[in-house]
Amino acid sequence: MLPWRQIVLLSITGCLAACTEDVIFQGPRWRTEPSDLILPINSPDQEATITCEAEGSSPLQYRWSLNGTLIDLGNDYRRHMSGGSLIISNLDKDQDTGVYQCTAFNTWGAILSRRASLQFAYLDNFKSQTVRSAVNVREGQGVVLLCGPPAHSGELTFAWIFNEYPYFVQQDSRRFISQETGSLYIAKVESSDVGNYTCVVNNTVTREKVLSSPTPLVLRSDGVMGEYEPKIEVHFPDSVPAAKESVVKLECFALGNPVPEISWRRTSGIPFPSKVKMKNSNAVLEIPNLQQEDAGTYECMAENRRGKNAARGRISFHAKPHWLQTMTDTALSIEENLFWECKATGKPKPSYSWLKNGDQVVAEGRVQIENGALSIAALNLSDSGMYQCVAENKHGIIYSSAQLMVLGKIASLPLALLKARSGSEVTLECKPQASPPAISLWKKGNEILITLLPNGTLKITNVTRRDAASYTCVAKNQFGTASTTGRLIITEPTRITMRPTNMEIIVGESIVLPCQIACDPALDVSFSWAFNGQLIDFQRDSDHFERVGGSISGDLMIRNIQLNHGGKYVCVIDTDVESLSTSAILVVKGPPGPPDKVAVEEITDSTAQLSWTPGRDNGSPITGYIIQARTPFTVGWQAVDTVPEVVNGNMLTATVVGLNAWVEYEFRVVARNTVGLGEPSPASTKTRTEDAIPDTAPTDVGGGGGTKSELVITWEPVPEELQNGEGFGYIIAFRPVGTVTWTRAVISTPGVARYVFRNDTIPPFSPFDVKVGAYNNRGEGPFSSIATVYSAEEVPSVAPKRVRTRSVSAVQIEVIWEALPAIPERVLGYEAVYWEDDTKPDTVGKVRISGNYTLVNITGLKANTVYYLSVAAFNTAGPGPQSAPINTTTKKPPPDRAPLNIQWTMIGSTLTLHWDPVVAMETESKVTGYLVLLKRHRYNDINTILTNKTTVELSLSANDNYLIQIKAMSEGGEGAGSEPIHIHKLSFLLLIGGVFLVSSQAALLVFVAGMGARGSGAIRLSPLYLSAVLISAMLCSVW
């Protein structure tokens, strides 16, 4: 045989051995299977999601069954799928409770998920809310108070309230609450147990809580119960089935006198392992993580000096199936034999069954099933599909899946256009999926190649442009021949022309890291960037990262750089034939990080020594620290003085000075560097400075006033932060001016700011020297400076005389009186009081005027109303006696109508106004004249002109805008004002040499040509000019 023929034969033999190793299995397999759900029956979102997700080739589809019946999602408005997950809305306990199973399928087959149950938790109220019957017992007797929980679903916990919330029964050796029955057991009743007991039931799923009616516990009056042996009232069942790895709790409690002691043992004599716990005074035995060796008989012993009693029960162990061995995806040729075996452990021992595409596999003919083994002889194409081994016992069921692919066809993988860099190594693969295995060979153009690897792969080393050509792979078996051709292109190496460089940058700035290349135009190029080993996601991180540049540029822009952006950046350039990279280190500098572990090492009444640990310097050395403090009396954090005054970056301790005594302080530290101030440290633990004698005296000492024989002293209280300690109060010292001896009084209430000294011997309005000091438990502090305060004076003893009144208008009365002569008491001023109804003088208005005035105007009154008035003198002690009341009547109100039909004419700068007279009604004051108000637009002053006519002439300036208003005048005051009349300065420009007539009632406009000084004549006006005049006049009438 020729040598090259031997090489080809060896290559074909190797390909036959390897062809099945490259089969791609595309059947469904589980990513996430459904899990059991228990939901509150009144769940606020009223929606349940049962998760189901598989992977495999598309299209991948799902279906669901409930209690073994397929769910028709097309006609079910409450149920729909999202992906493979089942979503149930508007939950209904009756329709939705049950066992769900998901099926995933595609063209390769179907698999079933594990089963998942959906249950609903609820807790009803107790049926009767009336007080339960009283339980009568003797002292020393045992008692059981039944809870009787209402209808429910979901795990419950129990507690008992004694008399009223929140006094709960505390469990001990004498009292026990069973978490199985909810009942309360009292081994030996004492007199302190008498009261009302309420059972509290909690649902751990719904978090609902319901309370029973109270059960009264009453002591009988026929004596005390004597001692008796234990009687076990709470004991676990004779047989306790328990699952592997579960937590088992056994309860045991006895009544008895004396109170019995509970102990536990295993009848086998095997001691308890360390994981076993005794709780609630040994009433509960807890076995966590139950295993096979924990099964057996357990005994509870209750014992007192009168005897003992025991209860026994057996824990039986069971376990769900668990896989020991499963099958794997398998590809076999036609006529080959399949053997799969799966093994599972469990208690009881599990049984096995097999599924193909979700349907039961029946043992017949070529198909045999024995325990967990499946064998199929002489495979054909119809045997392909998804198989599942099912292991099941009464405690659970598990599934294991695998795909069987029976190969009996010829098909080859496509060979795409290939590119390779000059000088590199090229590998061309030809791995057809065929059964029986195919024979493969390679051709370059029409030339058969013999330099093949054992698996039929063609490798070319150190390629050059001469290797560029079309390459064809040919595969053949009994079903036919297939071939595929691809073209190999050789390209020049790619070069990086601009690389990023290491940089330092400040937080908040933006930069561009360059990454540019020169490459063969035949290549497809892509750029990517990695940061600290992680690929940058430009969509997710678009706030900071953006790739900029064209097809040969992959520059990276980083905007608003943060501290966490410091690190290593790698630009990766991928082409069809190679991958290149270049990197740079970016150092980001920012303000320092927060210091940590701020502690108060030592504290006095005015200083605190602090220590801390430094935070990160964030690329720039720490140059110094600022200390801040906060108290309950400050607004936020305040910088404080320190020793040394400047705390440099190398220091980690400082002494804060100038603190107030007996104040609770928190401290924090802020670091700074050349970039700026960093974030503050966490606050230190609150620490109070030591107390000290007060060093601040009360301020603003004064007083005076009060009633007869009183000395009233006032001051500004010392703020709490300046009181320096507990037991703070004030010392008030006073003496008559000119005397030596001080009288002292002590006030122990810190917030008080007034002291009244009463003594019948105090002369009225007598001067006193007054000072106020502070004290606390450490001693007395300083006094304020001395202030002069006068004692209370007596009210004026004489009423004013010759009081008379005058009605000024509808809303104003003038009151006049005669000043008081010299009297012993001080007179600081006068007050006039007034009221409407003489039978109700308590409805009083009051006007005060300080000084020696004898006239006051009372305003804001009602029109045409009788008022009663009197006058009294006053001082700091109050008003003296009032004068005899007199009465007066206010004027009728002015007319409530404004002047109408106002017309005005202007000749030069003289404005003449005309209006219709205002006639008062019988209930109104008669009109006595008119008030014309004139206001210049640029000034705030208002000129008034009074006239008793219905016309007035005004001289106006041509440089101003004017506003004019007219009101009727009467004894009752000013009437309603007319609509404002606006005179615009443009009118003066248009009316030079003419007369302008405007009526405020109608849009009537008359222009009369003026006469010259030397004779008469008409002025000719252009149409444009007349239009301007007309527009100006209309503006003036409405402006």
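Here, the structure is the one placed above.
Only a predicted model underlies this, so the values are computations on that prediction, with no experimental measurement involved. (Residues numbered from 1 in each chain as written. Predicted model: local features only at pLDDT ≥ 70, side-chain atom pairs only at ≥ 80, totals over all residues. Heavy atoms only, no water.)

Peer 1: Tell me about the overall build of the protein chain, and please be specific about residues and values.
Peer 2: In terms of helices and strands, the protein chain carries four helices and 91 strands. Taken over 1039 residues, the protein chain has a buried fraction of 41%. Considering only contacts within the protein chain whose residues lie at least 6 apart along the sequence, 65% involve residues at least 24 apart. When the accessible surface of the protein chain is summed, it comes to about 54400 Å², and 50% of that surface belongs to carbon and sulfur atoms. (Helix = DSSP H or I, 4+ residues; strand = E, 2+ residues; numbered from the N terminus. Buried < 20%, exposed > 50% of the residue type's maximum accessible area, 1.4 Å probe, protein only. Contact = heavy atoms within 4.5 Å. Areas by Shrake-Rupley, 256 points an atom, 1.4 Å probe, with all protein chains shown as cover.)

Peer 1: Explain the state of the cysteines residue by residue, including any values.
Peer 2: All chains considered together, the criterion is met by five disulfides. The disulfide partner of Cys147 is Cys199, and the S-S distance across this bridge is 2.0 Å. Taking the sign of the torsion about the S-S bond as the criterion, the disulfide between Cys147 and Cys199, at about -80°, is left-handed. Of this pair, Cys147 sits in the loop between strand S13 (143–145) and strand S14 (152–153) while Cys199 sits in strand S18 (residues 195–203); the two residues are 52 residues apart in sequence, bridging distant segments of the chain. According to the relative accessible area criterion, Cys147 is buried, its value standing at 2%. Bridging Cys515 to Cys571, the disulfide has an S-S length of 2.0 Å. Between Cys515 and Cys571 the sulfur-sulfur dihedral comes to about -80°; the bridge is accordingly left-handed. Note that Cys515 is positioned in the loop between strand S49 (511–513) and strand S50 (516–518) and Cys571 in strand S55 (residues 567–574), a separation of 56 residues in sequence. For the residue pair Cys515 and Cys571, the accessibility class agrees, reading buried in each case. (Disulfide = S-S within 2.5 Å.)

Peer 1: With reference to specific residues and values, describe the sheet that holds strand S52 (residues 534–535).
Peer 2: Consider a sheet: its strands pair through backbone hydrogen bonds, and that pairing is either parallel or antiparallel. Spatially, five strands are ordered S48-S56-S55-S51-S52 in an open sheet, and the strand pairing comes out mixed. Every other strand in the sheet has two partners, leaving strand S48 (503–506) and S52 as the edge strands with one partner each. In the sheet, S48 pairs with strand S56 (residues 579–589) via four bridges, with the strands oriented parallel. By the bridge assignment for S56, Glu504 is matched with Val587. (Pairing = 2+ DSSP bridges.)

Peer 1: Explain the pairing of strand S10 (residues 109–112) residue by residue, including any values.
Peer 2: Here S10 shows no split at all, with Gly109 and Ile111 on one side and Ala110 and Leu112 on the other all buried. Pairing of strand S9 (residues 98–106) with S10 involves four bridges; the strand directions are antiparallel. By the bridge assignment, Thr103 is partnered in S10 with Leu112. Counting the residues in the hairpin turn of S9 and S10 gives two residues.

Peer 1: Lay out the nonpolar core in plain terms, naming residues and giving numbers.
Peer 2: By size, the foremost hydrophobic cluster in this structure holds 22 residues, and its most contacted members are Leu250, Trp264 and Ile315. Secondary-structure elements contributing two or more residues to this core are strand S22 (239–243), strand S23 (248–257), strand S24 (261–266), strand S26 (284–287), strand S27 (296–304) and strand S28 (307–325). When residues no more than four places from it in sequence are discounted, the contact partners of Trp264 are Phe236, Leu250, Glu251, Cys252, Phe272, Met278, Asn282, Ala283, Leu285, Glu299 and Cys300. (Core = buried A, V, L, I, M, F, W, Y, C linked by side-chain atoms within 4.5 Å.)

Peer 1: I'd love a proper account of the packing of aromatic side chains, names of residues and values included.
Peer 2: Across all of its chains, the model carries 21 aromatic pairs by this definition. Here the aromatic rings of Phe176 and Tyr185 are separated by 6.5 Å at their centres, their planes lie at 35°, and the arrangement is tilted. In this pair, the class of Phe176 matches that of Tyr185, namely buried. Ring geometry for Phe765 versus Tyr790: centroids 4.5 Å apart, planes at 20°, classification stacked. Of the two residues, Phe765 is situated in the loop between strand S70 (754–758) and strand S71 (767–776) and Tyr790 in strand S73 (residues 787–790); the sequence distance between them amounts to 25 residues. (Phe/Tyr/Trp six-rings, centres within 6.5 Å; stacked < 30°, edge-to-face > 60°.)

Peer 1: Run through the pattern of salt bridges, naming residues and quoting values.
Peer 2: Enumeration according to the criterion identifies 45 salt bridges in this entry. Of the charged contacts, one joins Arg735 and Asp769 as a salt bridge, the two residues approaching to 3.3 Å between their closest N and O atoms. In this pair, Arg735 sits in strand S68 (residues 729–736) while Asp769 sits in strand S71, placing the two residues 34 residues apart along the sequence. No difference in accessibility class separates Arg735 from Asp769, as the two residues are buried. The closest approach of N and O atoms between Glu831 and Arg848, which form a salt bridge, is 2.7 Å. Taken together, the residues Glu831 in strand S76 (residues 829–835) and Arg848 in strand S77 (residues 845–850) connect sequence positions 17 residues apart. Through salt bridges with shared partners, one network takes in Asp76, Arg78, Arg79 and Asp96. (Salt bridge = Lys/Arg side-chain N within 4 Å of Asp/Glu carboxyl O.)

Peer 1: Run through unusual backbone geometry, naming residues and quoting values.
Peer 2: Geometrically, the link from Asn257 to Pro258 is a cis peptide bond, its omega value of 5° lying close to zero. By the secondary structure assignment, Pro258 is in the loop between S23 and S24. Geometrically, the link from Val643 to Pro644 is a cis peptide bond, its omega value of 0° lying close to zero. Structurally, the position occupied by Pro644 is in the loop between strand S61 (642–643) and strand S62 (647–648). The phi torsion at Asn163 lies on the positive side, around 70°, for a residue other than glycine. The topology assignment puts Asn163 in the loop between strand S15 (156–162) and strand S16 (175–177). Positive phi outside glycine occurs at Glu335, with the angle close to 80°. Its place among the elements puts Glu335 in the loop between strand S29 (330–333) and strand S30 (338–341). Relative accessible area serves as the criterion here: at 56%, Glu335 is assigned to the exposed category.

Peer 1: Talk me through the side chain of Ser681; I want residue IDs and the actual numbers.
Peer 2: Here Ser681 is to be found in the loop between strand S64 (664–673) and strand S65 (687–688). For Ser681, a relative accessible area of 5% translates into the label buried. Apart from residues no more than four positions distant in its own chain, Ser681 is found in contact with Pro594, Pro595, Asp596, Val598, Arg668 and Val669.

Peer 1: Lay out the sheet that holds S23 with the relevant residues and their values.
Peer 2: The four strands lie next to each other as S21-S23-S26-S25, forming an open sheet whose pairing is antiparallel. One side of each edge strand has no neighbouring strand; the edge strands of this open sheet are strand S21 (228–235) and strand S25 (277–279). Ignoring strand direction, the axes of neighbouring strands in this sheet form an average angle of 25°. Bridge analysis of S25 against S26 gives three bridges, and the strand direction is antiparallel. Across the sheet, Lys277 pairs through a bridge with Glu286, a residue of S26. (Axes fitted to C-alpha atoms, helices over the stretch in contact; angles between N-to-C directions.)

Peer 1: Explain the side chain of Lys419 to me, and be specific about the residues and the numbers.
Peer 2: You can see Lys419 is positioned in strand S39 (residues 418–421). For Lys419, the side chain forms a polar contact with the side chain of Asp576, separated by 3.0 Å. Not counting residues up to four positions away in its chain, the partners in contact with Lys419 are Ile489, Ala522, Leu523, Asp524, Asp576 and Val577. (Polar contact = N/O pair within 3.5 Å; in protein donor to acceptor, adjacent residues only side chain to side chain.)

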